[in-house]
Structures are given as structure tokens and as C-alpha cells.
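Here are the chains, one letter per residue:
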Amino acid sequence: MKQLHIKLNPALAFFISCIALYSCNLDRLPLNGPSTETFPASEKEATMGLFAAYQSLSELDASSTPIWHVMDNITDIGYARPGNNYTSPITSALTTDNALAVKPWQYHYRTIARCHAVLDKLPDLKNDISETTYNQLDAELRFIRAYCYSQLIELYGGVPLIKQAVGLGNSNVERTPKATIEEFIIDELSEIAERLPVAQKTFGNVRASKVAAYMLKARVALYSKKYTVAAAAAKMALDLSAGVFDLTPFDQTINFAGKNHTVGEPNPSNIFGHQGYNESKEWIWVAEYNKAISGNTHNQQYYGASRLGKGVAYWGPTQDLINSFQCSDGLPITESPLYDASQPFENRDARLDMYCVRPDSRYMGYQFEPNTATKTVSNYWPVLNGQSTTPGTVSNTDASNAYRSFSGYLWRKHIDITDFSSTSVSGVSDLNVGIFRLAELLLIYAEAKIEANEIDNTVYDAINRIRLRAKMPVLPSGLSQSQLRKALRYERKIELANDGLRWYDLRRWDIAKTVMNGVLYLNRDAKSWTKAVVTGFDENYTPLYNASEAAKYFTTQEVVFRVNKDELWPIPKSEIDASNKLAQNPGY
């Protein structure tokens, strides 16, 4: 596997670890930055401080899973093993000391503090560093800070806007309105973008680039409904991407989509696995992990993989997501003549099998079958290892284990079969995590143009590039704004599934109050169902159910969304207690 690009040598890795630990000790409160009279004293130290800030981004996790691959599992498309940390966010039961709600505040402010540890002293080094290097260091640190604030304001609303290190004796800082911080981020990115190289492929796209800066600007502008600004920034990023970044075609395993386990195993690792991070041109900005750096690993595979795949099946898609995948003719399952409820996974959008694991498919070298009536399943590892021409048989722990998948499905995306041999409770994976990729950038551009009602062929081109990659038909021409909006929301729901963006989409589209009220459908026992279960799809591509029919086949999870409360998470109680100027969000 290709090693971490910013790990230039063992000494550098050690230095990064030391500076990260150093800043952790000084981050005793999230708003307090490191304070020292000597650091950074050179270009080398400033660069090490920058690397420590990048590494800090990778430290935010939940259940040893990077935060990006947790967030979709507290929405309508993903489900986590029931428990306080992950059931409370979908039942309006979050508390001010819930670990999931507390950690983003703490870790993002810790990262901001690490940025300030360098930014505050960087002007002192201006005469000792070339102008180009100085401007790039400054720009990258401000990019990281802007990203952290973009996350904070979506989760918590207005937050303290800290632009330099805050000492222990001056940590009472008021909340800045969200709109003000949005403007700050957009202005920052407008100022720094041109100081960055177009891409940083030498560093595995771990370091910020011009394309990443314009993409972050476009995302923030889109989320704040500044559609013209978002479209212009996204177009700039796309223009710069030409010849540099591109969608990566699925490999030949896309031909296994819709087939049963005997045919083969769909595998998207040439995009979302180790191979993808080494070779794919799709990744614009990446969070890096490396076993050589202490603490710079995660346990995503262990928590996400099947029981037979040496995991604990902690996360998985919902039945609602599975039902959302169109048929291969581009029609929903309620309209397509290709849909057969007795063979529900055939003739579907190939991304169903490329991104999700469903019954009767192959996963991590085994037949995946969560139905408890199936006592044994096929083991394909003797074939994969060249020991036999036929698969073996093993006891079906994916059905017999009490903690098998609670949704009846698993995520294939962001799990790599090449990590199978090292998957364990000890948490040794250093599979990178992509933060920005070209597919999202295309969808940001398309959505901004649709919402601004500036619809032209470039909107269709952006969406169709993604659909064609999945062997789906292009959109019909002449669609209305509302029809294109529905098509766009389908693509975000499907293409970006388990990338960690659905939670934000539900809120910015103001549909969480309907989508996350009522029940989510699950199929833990892998039962068959009838076509009468789903009656249609609404304008956001949310499936509509015949509840009495669905109850015959599916289990449910009650979900609750309280308006004027669940749009945001609570500010951690420890922060409220420590500051007399922080007001809590409504409802907490």
C-alpha cells in the first residue's frame, strides 16, 4: 500500500507526532490555543505545525470510525446498532454530554487552535521564508480553519469565531451569528485560493489545493443559499480540474451488480479503497492515516464489515435507501417494468451493489445472507487464495450472531477487502478518507445552477457524467426546475451515500422534519416483500409506503424530529459551564 505522502521520512513522522501531542497538552479547553514564545521559529517548524493541523482533522471519530463515515448512519439512509450515541440523534433525545454531539465541537476547535499556533507567529518568519512558501503556508492553515468552521456552523449554528489563539484567562467568547461566519469563510477562501497550487498530488491530495479551496467556497455558499456564488466557485473549481481531476470508472466488478454471490464480488476499492487513494483522479482533498504515526489509524473496517468479514456489522444502509435505487432504465421501482419484487436486486442502479451489501451477494469473500434460516454459506477464500476451484462452506454467523446487521444490509463503500487479513478489534486500518471528490463538486455545481434557475446544458452534463459512470441512462432533456431538483436530490442521495453529507442535506433542504419523523424501515431478517410495499416517491426522492403492507415484512425504527430543536446539536455542557457568554441552542 502506498504510504502517507506527508510522511516524508521517519524523523518527520516522529516530529509530527510530537507536535500533535504538544498541542494536545495545550488544548486543555477547545477554545484555547497553544501559547509559546518560540514556536514556530523556522520554516521547518511552521511546516511541521501545518502537518499537525492536517493530522488533527483525522482524529475526530465515533466508534473508532472517522466522523465522515458516521454521519449518514444517523439519517434516513443509514442505521447504527441501537444505543445512546446513535439512537438519540434520530429520536430527538440528544443530551448536552452525548459523546457524538460533544466531540465535533472539541476536535474542530482543537484543530483551529493548532492552526493558530502557527498563524499567530508566522508573520515573524516572513523575512526568512520565500514569499511563495509563506503565502502557501498561510493559505493552507486558513483553509483548514475555514473547513473546521464550516463544520461547526452546520452542526451548532452560530459559534465563537476565533481568529487567533485565546489564552486561558480570556476564554469567555460570545457566539458569532452563523451568517457572519459564512461570510468570513467565503471571504477567506476568496483571498487564499489563488495562493495555492491547483492540486497537491505529490502529497496525495492531503494538503489543500486551489481546487479544494474553490470547492469549499462553493459548498459553504450552497449551504447558505448563495446560489450564484456557489455556482461561480464550483465552475472555477471544475475549470481548474480539467486534465487534473476526473471521475474514475468502476472496474470490471460492476458487471457483478445485480448478480448473486456465485458470480463475483462487486468492489469499488479502485475509488474508495487503498487503490483508489493511490491511483484515482477523483479525490480532491483527503484525510490521511498511517500506521507509522502513533494514533493515526482507525477501526472503520472492524465496525463496518460483516461478522464473517471479521467485523461487527455496526453500520448499514436502511431499507429506505435500498428502495430508493432506481432500476437500470432510470425509473423508480414503482414505475419500471424491470422491477420484480421477488428478485428486487436485479436490474437496479449498479450503485446499489457497488455501494451497499445486500442478501445473496458476495462480501469480503463470503456469501452474505442475514436470514436466520440460512445456517451455512459459501466461503470463497479457498478460491481467492488459489487453494481450490470451488468455494467451501462455513457456519453463517452473519445470521446467527445476536449483533448481526440491524438493518439487514451493510456498506460496501469505504471498506476494502485487502484489509481483511488485518481487520481486528485492535484498530489497525490506515485506509485514507476522502473529504472532497469530483462527484460531489459536479453535484454542487448542478444544484447551485438549478436553485438559481440558471439551467443550461452544463447542469445536465454534470449530473449525466455521474450517471453514465454507473451505467445509468442520461436525464431526459427539457426538465423543469422542480424535475431537475428531484433528479439532483436522487443523485446526492445515491452517489454520496455514506460519504457523510446526508445529515446536512436533510436540514438545508428543510425536509428533516418530514423524513425523520415517523419510522425508518429495516430488514434485519432479510425477508422477501411485495411490490405493494412502496407506493411512490415524493419530490425529494423519499419512498412512500403502504404502512400496513410494509409492516408484514420490515422491522422499524421510530424517528423523531422536533422543529426549532433538532436542526442543530447542543453545545457541550462543559463549554456552557466554562463560559458565561455561551448561550445554549433551543430545546436543550
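Residues numbered from 1 in each chain as written. Predicted model: local features only at pLDDT ≥ 70, side-chain atom pairs only at ≥ 80, totals over all residues. Heavy atoms only, no water.

Another point: the overall build of the protein chain. Helix and strand counts for the protein chain stand at 22 helices and 16 strands. Taken over C-alpha atoms, the radius of gyration comes to 24 Å for the protein chain, in line with the 25 Å a tight globule of 588 residues would show. Counting only residues that meet the buried cut, the protein chain has 64% of its 588 residues in that class. In the structure as shown, the protein chain presents an accessible area of about 21200 Å², 50% of it carried by carbon and sulfur atoms. Side-chain charges of the protein chain comprise 60 positive and 63 negative groups, with the mean position of each set lying 2 Å from the other. (Helix = DSSP H or I, 4+ residues; strand = E, 2+ residues; numbered from the N terminus. Rg over C-alpha atoms; globule rule 2.2 N^0.38 Å. Buried < 20%, exposed > 50% of the residue type's maximum accessible area, 1.4 Å probe, protein only. Areas by Shrake-Rupley, 256 points an atom, 1.4 Å probe, with all protein chains shown as cover. Lys, Arg positive; Asp, Glu negative; His and termini not counted. Charge placed at Lys NZ, Arg CZ, Asp CG, Glu CD.)

Moving on: helix H4 (residues 99–119). Its 21 residues place the ends of H4 30 Å apart at the C-alpha level, agreeing with the 30 Å of an ideal helix rising 1.5 Å per residue. For H4, the tally of buried residues reaches 19 of 21 residues, placing the bulk of the element in the interior. At the N-terminal end of H4, a side-chain oxygen is found 2.9 Å from the backbone nitrogen of Leu 100, two or three residues along, and the residue is Asn 98. (Expected span 1.5 Å × (residues − 1). Polar contact = N/O pair within 3.5 Å; in protein donor to acceptor, adjacent residues only side chain to side chain.)

Before going further, it helps to examine the packing of aromatic side chains. Scanning all chains against the criterion turns up 29 aromatic pairs. Their ring planes at 85 degrees and their centres at 6.2 Å tell us that Tyr 109 and Tyr 149 sit as a pair that is edge-to-face. Note that Tyr 109 is positioned in helix H4 and Tyr 149 in helix H5 (residues 131–156), a separation of 40 residues in sequence. Exposure class is identical for Tyr 109 and Tyr 149. Each is buried. The rings of Tyr 86, Tyr 302, Tyr 303, Tyr 314 and Trp 315 are connected pair by pair, giving a single aromatic cluster. The aromatic ring of Phe 420 is capped on one face by Lys 310, whose charged end is 4.7 Å from the ring centroid. (Phe/Tyr/Trp six-rings, centres within 6.5 Å; stacked < 30°, edge-to-face > 60°. Lys NZ or Arg CZ within 6 Å of the ring centre and 35° of its normal.)

A word on the packing of H4 against H5. Running from N to C, H4 and H5 point in directions that differ by 160 degrees, and their axes come no closer than 9 Å. As the angle between them shows, H4 and H5 are arranged roughly antiparallel. The element H4 and its partner H5 pack so that their crossing is left-handed. Together, Ala 101, Val 102, Pro 104, Trp 105, His 108, Tyr 109, Thr 111, Ile 112, Cys 115, His 116, Val 118 and Leu 119 of H4 and Asp 138, Leu 141, Arg 142, Ile 144, Arg 145, Cys 148, Tyr 149, Gln 151, Leu 152, Leu 155 and Tyr 156 of H5 make up the contact between the two elements. (Axes fitted to C-alpha atoms, helices over the stretch in contact; angles between N-to-C directions. Parallel < 35°, antiparallel > 145°, perpendicular 65-115°, else oblique. Left-handed = near helix turned anticlockwise from the far one by under 90°. Contact = heavy atoms within 4.5 Å.)

One pass over the full model with this rule turns up 38 salt bridges. Note that Arg 142 is salt-bridged to Glu 191, the shortest N-O span being 3.3 Å. Remark: Glu 191 occurs in helix H6 (residues 178–192) and Arg 142 occurs in helix H5; sequence separation between them is 49 residues. Judged by relative accessible area, Arg 142 falls into the buried class, the value being 9%. Look at the salt bridges and you will find they share partners, linking Glu 282, Asp 349, Arg 351, Lys 413, Arg 437, Arg 467, Arg 469, Glu 491, Glu 495 and Asp 499 into a network. (Salt bridge = Lys/Arg side-chain N within 4 Å of Asp/Glu carboxyl O.)

Within the element layout of this structure, Asp 138 appears in helix H5. Within the local environment of Asp 138, its side chain forms a polar contact with the side chain of Arg 195, the two groups lying 3.1 Å apart. What Asp 138 contacts, discounting residues up to four positions off in sequence, is Leu 119, Leu 122 and Arg 195.

With that settled, the discussion passes to the nonpolar core. By size, the foremost hydrophobic cluster in this structure holds 172 residues, and its most contacted members are Phe 143, Tyr 149 and Trp 569. With 14 residues, the single largest contributor to this core is H5. In contact with Tyr 149, other than residues within four places in its own chain, are Tyr 109, Ile 112, Val 159, Pro 160, Leu 161, Ile 162, Ile 181, Phe 184 and Ile 185. (Core = buried A, V, L, I, M, F, W, Y, C linked by side-chain atoms within 4.5 Å.)

For helix H18 (residues 481–495), with 15 residues, the first-to-last C-alpha span of 21 Å sits near the 21 Å given by 1.5 Å per residue. Residues of H18 that are buried: Leu 484, Ala 487, Leu 488, Arg 489, Tyr 490, Glu 491, Arg 492, Lys 493, Ile 494 and Glu 495.

What follows concerns the confidence of the model for the protein chain. Per-residue pLDDT for the protein chain averages 93, and the proportion of residues at 70 or more is 93%. The low-confidence segment residues 1–35 (pLDDT under 50) makes 81 contacts with residues lying over four places distant or belonging to another chain. (pLDDT = per-residue confidence, 0-100.)

To continue, consider the packing of helix H8 (residues 227–241) against helix H16 (residues 438–451). The contact between H8 and H16 brings their axes to 8 Å, and the two run at 145 degrees. Handedness of the crossing formed by H8 with H16: left-handed. Contacts between H8 and H16 involve Tyr 227, Ala 230, Ala 231, Ala 234, Lys 235, Ala 237, Leu 238 and Ser 241 from the first element and Leu 438, Leu 441, Leu 442, Ile 444, Tyr 445, Ala 448, Lys 449 and Glu 451 from the second. In the contact of H8 with H16, the residues fall into twelve nonpolar, one polar and three charged. (Nonpolar A, V, L, I, M, F, W, Y, C, P; charged D, E, K, R; others polar.)

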